[in-house]
Structure formats: C-alpha cells, structure tokens
Amino acid sequence: MARIHQMGRVIAACVLASIPLATGCAAGGSTPDSQGRETALSSWNHGATRDRLIAFIGSASDPASSGYIPEAERIAVFDNDGTLWAERPVYFQLLFALDRVREMAADHPEWATAQPFQAAIEGDMKALAESGKEGLVKLVMATHAGMTTDEFATAVRDWVRTARHPESGQPYTAMTYAPMLELLGYLRSNGFKTYIVSGGGVEFMRVFAQEVYGIPPEQVIGTTIKTEFEMTATGPVIRREAEIDFIDDKAGKPVSINRFIGRRPVLAFGNSDGDHEMLQWTAAGDGPRLVGLVHHTDAAREWAYDREGHVGRLDAALDEANDRGWLVVDMARDWDTVFATPLER
C-alpha cells in the first residue's frame, strides 16, 4: 500500500481537530516537502497524469502562455459522489435517507409492513434494490420533504456530525479523496473558480461543501425538490415539497451549468456515465480544455468498479475518454493517498 504523504497527514490532522478544511487544509494545493520546498499536488504520484494537470493549470494562469485563460473564464466543475468523496456501498445521501426512515419510524407504524420503508427499517438492501427507482424516490420524498429548508439543513448537519460509514467507521466527511481536495485548492490558488455539479440533492451538499471542499453554497449545483414560500406565526420560511423539481444528472448537468453559471467550464471532472454529458459539453468549447474521469481501480485502498458497477457505472464515458484522449485518473496508479485515514478492512 502506498505511503501516506504529508498532504494526507495534514488533512487527517484537520479532520481530527475539527478544523474546517476550507480554512487551512484545502485552501491551497501544495505542501512543503521534507526540505521545506513547495510541491504541487504532492498526494498524486509523479507521472503523466499529475504532469498534465500541473501543465494545464500552469499554462491557464500564465499570461505569457499560449494556453492562457482569462481569470473570469477559469471555471472548473466537479461531480461529487465518486469524484470528490466515495459512493460505496451506496450513495451517501441514500444512507442519510435510510437513517432518517429509522429515526421517523416510531411516528409511522404503517411503514413496518410497507415497502420500501420496511426494507429500510430492517436494513434489507436486496429488497431496497428490488424497489427500484420508484421505491428510492419514495424514501427520499418521505424523509426530505415537509420540513423547512432550515430544518432540513439542521437534520443533515446533525447526521454528518454523528453518522459513520458502514465499512470504514469514519465520518462521511472523512471519506473524501485527499488528491481531489488538493486539486481543488491548487485550482483556486491559480485563479480558478470551483463548482460542484452533482446528481445529489443540492441542499444536502450545501450544508458541508464550504467546510469540506472550500466551495461556498452558491457554487453548489444539484438535484432539487420543489419549495414554497410560507408565512408562519414565527415568520417566513421556505418549505420543501414532496415533488422533484429538477434532476441534475446526465443531460441535466450541462443544462444546469448553463442556467446557474452562465459560462462553459474549461475544466470538468466526473467518474461515471452520469457525468458524460457534462464532460462532452466542457470539451466542446473553444480554447484550452481539460476533462477528466476518476477511474476506480483500487480494490485495496477503496473499491474497484466501472462498467458493471451498480453505483457509479462507468462505460460509455470511459470509451469516449479513451477515444478522445481525455484524462483518465487511474486511482491505483496515480494517487499516492486515497483517504487521509486509510480504510481498514
């Protein structure tokens, strides 16, 4: 197993000390080596992948370079699940919904015999899978709707603070990828503006995006449910309704980028076919572009999956990446560190 580089130790120390990553750990993209020299992307292994990233970012931020990109146009977009943090055994927002079902079950005795709620309460993942997309939407609507946006943010914040990943035993926010945190910081230190563009719920991610990724809530784009303004006895609130508003996945991603950012990105990273159209949209622009995929190849330090994955399936996007020379980050080959705190199996 590869050694834990200094960047990994710094991130681990911040997690243990509850220091917001954005204020120190993820704020920059380089760390001193043993001689005190600054080393860019030090948690990435030396090789063609790291070199290509450094060359693109350096050229984009150098006014004397033919690859220079004006700062206002340095827009970088990232998927979240499987790109910035792990997505196994299932998407973390689904695990949040399952925990919410169990928490709310006492007030809903009818759930004990109604699917998919019975499966969620009993932890029957096979039955949950069999409930399909319709069943999962039922879970999310039952656990994410009916409350105000402030109440939902509090529920997510409490869960993020106390819940633990079922395999690693770590907080979910510790399941972020050290090299990607480093890349985010390195981009920002070179004048890039970083966004999350995810299929996950936007209000779920906004609760922790600033602290974990250094990305403010207004730079987080995701799936939304309908909301309504409501005047209550204690003042105005925004209430979450039990209806999907917009699904920010696949072809929805470039649509939402156009709607909320208003500029075509010059850099985009994803990890699955759900990100394919976002990568195509970015690559089709004029001037210097870099699009990349995080390829999950490391069964020892994380999980290995791609074309047959039940979560984060990577098939068509991988074929196009290989055909068009997009950057494919091989996790086993290219990352010296995966998590700041390694998985224990």
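Look up a bit, the structure's there.
Not measured: the values here are computed from a predicted model.

1. Things to note about the overall build of the protein
Piece 1. The helix and strand inventory of the protein stands at 14 helices and nine strands.
Piece 2. Every one of the 345 residues in the protein was classed for burial, and the buried ones make up 53%.
Piece 3. Taking as baseline every contact in the protein between residues at least 6 positions apart, the subset at least 24 positions apart corresponds to 66%.
Piece 4. For the protein, the accessible area works out to roughly 15100 Å², and carbon and sulfur atoms hold 51% of it.

2. Looking at the nonpolar core
Piece 1. Core analysis: the biggest nonpolar cluster contains 69 residues, and Phe78, Met180, Leu183, Tyr213 and Phe269 have the highest contact counts within it.
Piece 2. Ranked by residues supplied to this core, first place goes to helix H3 (residues 92-104) with seven residues.
Piece 3. Look past the residues within four positions of tyrosine 213 in its chain and what remains in contact with it is Asn80, Leu84, Trp85, Thr176, Leu181, Leu184, Arg188, Ile196 and Phe208.
Piece 4. By size, the runner-up hydrophobic cluster in this structure holds 19 residues, among which are Ile261, Ala268, Leu279 and Leu318.

3. Some words on the packing of aromatic side chains
Where two aromatic rings form a pair, the distance of their centres and the angle of their planes describe that pair.
Piece 1. Under the defined criterion, the tally for this structure stands at 15 aromatic pairs.
Piece 2. Residues phenylalanine 96 and tryptophan 159 carry aromatic rings whose centres are separated by 5.4 Å and whose planes lie at 70 degrees to one another, so their mutual orientation is edge-to-face. With phenylalanine 96 in helix H3 and tryptophan 159 in helix H7 (residues 149-162), this pair connects stretches of sequence that are 63 residues apart. We note that phenylalanine 96, like tryptophan 159, is buried.
Piece 3. Each residue in the set Trp85, Phe92, Phe96, Phe152, Trp159, Tyr172, Phe204, Phe208 and Tyr213 is aromatic and connected to the rest through ring pairs, giving one cluster.

4. As for the sheet that holds strand E9 (residues 327-330)
Piece 1. Within the open sheet, the seven strands sit side by side as E6-E5-E4-E3-E7-E8-E9. Their pairing is mixed. Both outer strands of the open sheet, strand E6 (235-246) and E9, are each paired with one neighbouring strand and no more. This sheet shows a mean twist of 30 degrees between the axes of neighbouring strands, independent of strand direction.
Piece 2. In this fold helix H2 (residues 48-60) packs onto strand E7 (267-270), strand E8 (290-295) and E9, with an angle of close to 135 degrees to the strand it touches most, E9.
Piece 3. Strands strand E3 (75-78), strand E4 (193-201), E7 and E8 of the sheet are contacted by helix H12 (residues 276-283), whose axis makes an angle of about 165 degrees with E7.

5. Details of the side chain of glutamine 219
Piece 1. Within the secondary structure, glutamine 219 is located in the loop between helix H10 (209-213) and strand E5 (220-232).
Piece 2. For glutamine 219, a relative accessible area of 11% puts it in the buried group.
Piece 3. Glutamine 219 has contacts with Lys193, Thr194, Tyr195 and Ile196, leaving out every residue within four places of it along the chain.

6. Observations regarding the pattern of salt bridges
Piece 1. Under the criterion given, the structure shown has 15 salt bridges.
Piece 2. Across the pair arginine 313 and aspartate 273 runs a salt bridge whose closest N-O atoms are separated by 3.9 Å. Taken as a pair, arginine 313 in the loop between E8 and helix H13 (316-324) and aspartate 273 in the loop between E7 and H12 lie far apart in primary sequence, 40 residues in all.
Piece 3. On the basis of relative accessible area, aspartate 273 is assigned to the buried category, the value being 16%.
Piece 4. What emerges from the salt-bridge pattern is a single network uniting Asp273, Arg307, Arg313, Asp315 and Asp319.

7. Some words on a nonpolar patch on the surface
Piece 1. A cluster of nonpolar side chains, contributed by Val137, Ile244 and Ile247, occupies part of the molecular surface with about 210 Å² of accessible area.
Piece 2. Locating isoleucine 244 in the fold gives a position in strand E6.

8. Digging into the pairing of E3
Piece 1. Here E3 shows no split at all, with Ile75 and Val77 on one side and Ala76 and Phe78 on the other all buried.
Piece 2. With four bridges connecting them, E3 and E4 associate as parallel partners. Within the sheet, the bridge partner assigned to valine 77 lies in E4 and is tyrosine 195.
Piece 3. Here E3 pairs with E7 via three bridges, running parallel. Residue pairing for E7: valine 77 is matched across the bridge by alanine 268.

9. Describing the pairing of E4
Piece 1. Here E4 lies mainly inside the structure; seven of its nine residues are buried.
Piece 2. Where E4 meets E5, three bridges bridge the pair, whose relative direction is parallel. By the bridge assignment, glycine 201 is partnered in E5 with threonine 223.

10. Some words on the environment of threonine 337
Piece 1. Note on placement: threonine 337 falls in the segment after helix H14 (331-334).
Piece 2. Given a relative accessible area of 1%, threonine 337 falls into the buried group.

11. Focus on the packing of H3 against H7
Piece 1. As a packed pair, H3 and H7 sit with axes 11 Å apart at the nearest point and diverge in direction by 100 degrees. The orientation of H3 with respect to H7, classified from their angle, is roughly perpendicular. From H3, Phe92, Leu95, Phe96, Asp99 and Arg100 reach across to H7, where they touch Phe152, Ala155, Val156 and Trp159.

Conventions we followed
Residues numbered from 1 in each chain as written. Predicted model: local features only at pLDDT ≥ 70, side-chain atom pairs only at ≥ 80, totals over all residues. Heavy atoms only, no water. Helix = DSSP H or I, 4+ residues; strand = E, 2+ residues; numbered from the N terminus. Buried < 20%, exposed > 50% of the residue type's maximum accessible area, 1.4 Å probe, protein only. Contact = heavy atoms within 4.5 Å. Areas by Shrake-Rupley, 256 points an atom, 1.4 Å probe, with all protein chains shown as cover. Core = buried A, V, L, I, M, F, W, Y, C linked by side-chain atoms within 4.5 Å. Phe/Tyr/Trp six-rings, centres within 6.5 Å; stacked < 30°, edge-to-face > 60°. Pairing = 2+ DSSP bridges. Axes fitted to C-alpha atoms, helices over the stretch in contact; angles between N-to-C directions. Salt bridge = Lys/Arg side-chain N within 4 Å of Asp/Glu carboxyl O. Patch = residues over 30% accessible without salt bridge, like charges linked within 9 Å, V, L, I, M, F, W, Y side chains within 5 Å. Parallel < 35°, antiparallel > 145°, perpendicular 65-115°, else oblique.

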